[in-house]
Amino acid sequence: MKTATVAGIVLLGAFVVQPDRAIAQRLEAGDWVGSVIHLTGQHMDVVYRVSWPQDTLRISMEVKGYGSFEFRDIRVTRDSLAFLWEPSFVLRCAMYLLDDGVYQGACKDPWGGFGGIFMAPPGSDVDAIELHEETIESIAGWQDPPQSSEPLALGTEYPLGRSVSVYGRTVNLVDVGEGPVAVILEAGLGDGFTSFEKLQRLVSEHTRVVAYDRAGIGHSEPSPGARSPEQIATELHALLRVAGIPPPYVLVGHAEGSFHVRRFASLYTDEVVGMVLVDPSHEKQAAWWREESAASWEKYFSGRRGLYAMLGGTSQAEFEVLEEILRHGSVPGLESLPDVPTIVLSPGRVEENPRWIGESRAGRRAWQRRHAAWTADSDQATHRLADDSGSFIHQENSEFVLRAVLDMLN
């Protein structure tokens, strides 16, 4: 299934409605069953509690080992459901009623990433449900769902790349383009190679460019090693060697992925000719944000903690490493920016309804100042502002990031 980013998971929502009898019959009270599919491909079975107190539709979702969530803002028709769910940020979700009586669709995060979701009547066999990728993708684009009921297998449309064996496990990577310098794309926390789909297509017109799924993410097998920047940098270096992708490299890291590329550059400095850091996380950012608004930061970060606890697996393990980094305000083995040319890109767009201090005008300006001061400490680093983009600059304004990459190549 095509995906656009991060940090997003998909789920569903509840509100007061006055549906007619036909709609009520299709949404019978009881425990509906289903699954949500994170953009990394991870499935999570859930139970939806559907009830009709005083002819008002309510839906909550039970996640095993995590708890129950009440949803809001359902819009219901004879053929569809639309709703909101907010674990730590708002997800806009919609499902379409297919011929077999199962609702299937998608939810989108604020940055455009999406994943699949389905909801089947009480008593249904979850394992027997065939996912309809065309419906999921059309809803993710807010287009009218197709009428065909032919099931499609997830992952068949977007190229999965090739599998390479590293330390006895398989790693998935997409390696396209040609050129003497290879651009290596490192996604943010919990994200896979599809986070860079748009940027990779653009860069491939100029040089060789590689995106991959880290161990335990997407189509790559888990690794027993810790998810520290040093471990991930070491695994990436081994992957490039085994896959026959020689240096020199330009490293592109997004958000928390910037820790990994910085550590790579400090370990293998002679192989790196430059870095582009896209809205990079910083080891001291927790202290910085507490200075701006401790309450806003704690609410935002606790929401992220809850989200990754629910996801579990490698995504949770990566988040726990991030927590440790922010708690100590340092990354083992890293002092500051490595001694290579570096461009740091900061988001500039202010959200109309900021969910936390970082999306407000004051928060954006504070973050930009921090990035600018960080690069000022290095005579090889520069700072650029993406005025109209949020945190996922490589998705919202791929050309802007491309220009930074080309500057490194040139």
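Check the entry above for the structure.
A brief structural summary. Remember, predicted model here, so these are calculated numbers, not experimental data.

Some thoughts on the sheet that holds strand E10 (residues 162-166)
A sheet is described by the order of its strands in space; here 8 strands give the open sequence E10-E11-E13-E12-E14-E15-E16-E17, paired in mixed fashion. Whereas interior strands pair on both sides, the edge strands pair on one side only; in this sheet they are E10 and strand E17 (381-386). Each strand axis lies, on average, 25° off the axis of its neighbour in the sheet, ignoring direction. Pairing of strand E11 (residues 169-176) with strand E13 (residues 208-212) involves 4 bridges; the strand directions are antiparallel. Considered in E13, the bridge of Val176 is made with Val209. Contacts from helix H5 (residues 257-267) reach strand E12 (182-186), strand E14 (249-254) and strand E15 (272-278) within the one sheet, and its direction differs from that of E14 by about 155°.

What about the packing of aromatic side chains?
For the structure shown, the criterion picks out 11 aromatic pairs. Considering the side-chain rings of Trp288 and Trp367, the 6.3 Å spacing of their centres and the 65° angle between planes classify their relative orientation as edge-to-face. Of the two residues, Trp288 sits in helix H6 (residues 285-311) while Trp367 sits in helix H8 (residues 361-376), which places them 79 residues apart along the sequence. Taking relative accessible area as the criterion, Trp288 reaches 13% and is therefore assigned buried. Among the residues examined, Trp367 registers a relative accessible area of 8% and is labelled buried. Every member of this aromatic cluster is reached through a ring pair, and the members are Trp288, Trp289, Trp297, Tyr300, Phe301, Phe319, Trp356 and Trp367.

Observations concerning the pairing of strand E2 (residues 43-51)
For a regular strand, the rule is simple: side chains alternate between the two faces of the sheet. Burial of the side chains of E2 is restricted to one face: Met44, Val46, Tyr48 and Val50 are buried, whereas none of His43, Asp45, Val47, Arg49 and Ser51 on the reverse face is. As defined by bridge partners, strand E1 (residues 30-37) adjoins E2 across 8 bridges and the pair is classed as antiparallel. From the neighbouring strand, Gly34 faces E2, where its bridge partner is Val46. With 6 bridges connecting them, E2 and strand E3 (residues 58-63) associate as antiparallel partners.

Considering the pattern of salt bridges
In this structure the tally under the stated criterion is 18 salt bridges. Salt-bridge contacts for Arg290 lead to Glu298; the nearest nitrogen and oxygen are separated by 2.8 Å. Overall, the relative accessible area of 41% leaves Arg290 in the partly exposed class. Here Glu351 and Arg349 are joined by a salt bridge, their closest N and O atoms 3.0 Å apart. The exposure class of Glu351 is partly exposed, given its relative accessible area of 23%. Note on Arg349: relative accessible area 23%, which makes it partly exposed. Where salt bridges share partners, they join Arg162, Asp175 and Arg208 into one cluster.

Conventions and cut-offs
- Residues numbered from 1 in each chain as written.
- Predicted model: local features only at pLDDT ≥ 70, side-chain atom pairs only at ≥ 80, totals over all residues.
- Heavy atoms only, no water.
- Pairing = 2+ DSSP bridges.
- Helix = DSSP H or I, 4+ residues; strand = E, 2+ residues; numbered from the N terminus.
- Axes fitted to C-alpha atoms, helices over the stretch in contact; angles between N-to-C directions.
- Contact = heavy atoms within 4.5 Å.
- Phe/Tyr/Trp six-rings, centres within 6.5 Å; stacked < 30°, edge-to-face > 60°.
- Buried < 20%, exposed > 50% of the residue type's maximum accessible area, 1.4 Å probe, protein only.
- Salt bridge = Lys/Arg side-chain N within 4 Å of Asp/Glu carboxyl O.

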